[in-house]
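# Descriptive structure summary
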Amino acid sequence: MNAAGEQIVQASGVRMGYGDVQVLNGVDFTVASGEVSCVIGPSGSGKSTFLRCINGLEPVLGGSLRVLGEEVGHTLRGDRYHPWTPKEFAAFRRNIGMVFQRFNLFAHHSALENVACGPVHVLGTPADRARTLAMEHLDRVGLADHAHKRPHQLSGGQQQRVAIARALAMNPALMLFDEPTSALDPELVDEVLEVMKGLAVEGMTMVVVTHEIAFAREVGDWLTFFADGVVVERGRPRELLANPGHQRTRAFLSSVLDPKEREESR
Ligand SMILES: Nc1ncnc2c1ncn2[C@@H]1O[C@H](COP(=O)(O)OP(=O)(O)OP(=O)(O)O)[C@@H](O)[C@H]1O
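For the structure given in this document, a descriptive report is provided here. (Residues numbered from 1 in each chain as written. Predicted model: local features only at pLDDT ≥ 70, side-chain atom pairs only at ≥ 80, totals over all residues. Heavy atoms only, no water.)

A tally of helices and strands in the chain yields ten helices and twelve strands. Here the C-alpha radius of gyration of the chain, 19 Å, is about what a compact globule of 266 residues would show, namely 18 Å. Referenced to the eigenvectors of the C-alpha coordinate spread, the extents of the chain come out at roughly 55 × 55 × 35 Å. Sorting the 266 residues of the chain into buried and exposed places 50% on the buried side. For the chain, long-range pairs separated by at least 24 residues make up 64% of all intrachain contacts whose partners lie at least 6 apart in sequence. Within the structure as shown, the chain displays about 12,700 Å² of accessible surface, and the carbon and sulfur contribution to it stands at 49%. (Helix = DSSP H or I, 4+ residues; strand = E, 2+ residues; numbered from the N terminus. Rg over C-alpha atoms; globule rule 2.2 N^0.38 Å. Buried < 20%, exposed > 50% of the residue type's maximum accessible area, 1.4 Å probe, protein only. Contact = heavy atoms within 4.5 Å. Areas by Shrake-Rupley, 256 points an atom, 1.4 Å probe, with all protein chains shown as cover.)

Summarising the element assignment, Arg 161 is placed in helix α5 (residues 156-168). The class of Arg 161 is buried, set by a relative accessible area of 11%. In terms of polar contacts, Arg 161 uses its side chain to reach the backbone carbonyl oxygen of Val 141, at 2.8 Å. (Polar contact = N/O pair within 3.5 Å; in protein donor to acceptor, adjacent residues only side chain to side chain.)

The relative placement of two packed helices is expressed as an angle between their axes plus a distance between the axes. At a minimum axis distance of 8 Å, the contact between α5 and helix α6 (residues 186-201) shows a crossing angle of 20°. It follows from the interaxial angle that α5 and α6 lie roughly parallel. At the point where α5 passes α6, the crossing takes the right-handed sense. Packed against α5, whose contacting residues are Gly 156, Gly 157, Gln 158, Gln 160, Arg 161, Ile 164 and Leu 168, the element α6 presents Leu 188, Glu 191, Val 192, Val 195, Met 196 and Leu 199 at the interface. Taken together, the residues of the contact of α5 with α6 sort by class into seven nonpolar, four polar and two charged. (Axes fitted to C-alpha atoms, helices over the stretch in contact; angles between N-to-C directions. Parallel < 35°, antiparallel > 145°, perpendicular 65-115°, else oblique. Left-handed = near helix turned anticlockwise from the far one by under 90°. Nonpolar A, V, L, I, M, F, W, Y, C, P; charged D, E, K, R; others polar.)

Applying the stated criterion across every chain yields a total of zero disulfides. No disulfide involves Cys 38; its sulfur sits 19 Å from the nearest other cysteine sulfur, which is in Cys 53. When its relative accessible area of 0% is taken as the criterion, Cys 38 is described as buried. (Disulfide = S-S within 2.5 Å.)

A separate point is the site of the ligand. Every residue close to the ligand is listed here: Tyr 18, Val 23, Pro 42, Ser 43, Gly 44, Ser 45, Gly 46, Lys 47, Ser 48, Thr 49, Arg 52 and Glu 179. Interatomic distance of 2.5 Å between a side-chain N/O atom of Thr 49 and an oxygen atom of the ligand. Compared with its free state, where it exposes 630 Å², the ligand has 57% of that area covered by protein. In the shell around the ligand, the residues fall into three nonpolar, six polar and three charged. (Near = heavy atom within 4 Å.)

Below is the structure:
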């Protein structure tokens, strides 16, 4: 567990692009230990790219990105930064759990095996112990009774909960969610959001790209609006959603929310 209030993600002027295309144009962003930061923004605004930078999957090409106390991709030795060795990179990555829109479970393994395989293969946890822990994580997401089913025998919401359990099994210090409910049928969304709420209550630090505004309002400590590769507005969700001064956020929200949600966000 990280010390309360400690900065877990500190981005300052982060730049990233693919070839000539600039995707992140100077992102400033922070999340402290135990906080939940929700991120919204139009398609193509760079939200997923920013998450991938946080867990080291994309190189930061400018600015500074400190995650879990490290400058992502580099280690200070003496007075000089050196690119991470594969071992340093792996050590960093295992502290960060990532949950995607698509669950990416191993189709030929049971839920239990999907959850146990990271600890066995990455952490070297003995198989019996890993299975016991995996069962606990499946119980935590309400799926102990489904442990021996394969992904195709589970609903989308259940598969996403297995994916969350799989990430938790690595005992991460930070969890990143990239639109975890947007591939789900509407009636399956709440069961996943409930699990995420539970994690927030337990004090997990989370960055959540989502358009579930009710979730952001209830669970988020921060709401960040991305557009064109920068953070346009950031604030406490209720304030950001209520303040007519935050015009770009509100204009975006009115384009994505259904009428009922729009009414609630007033
Ligand atoms: N591997 C890649 N190669 C080239 N361009 C890419 C690559 N990945 C993303 N991009 C481009 O970078 C921009 C930002 O994409 P990104 O996926 O980060 O946006 P996003 O805000 O998460 O969008 P969405 O909500 O649709 O997922 C887009 O213009 C996208 O086309």
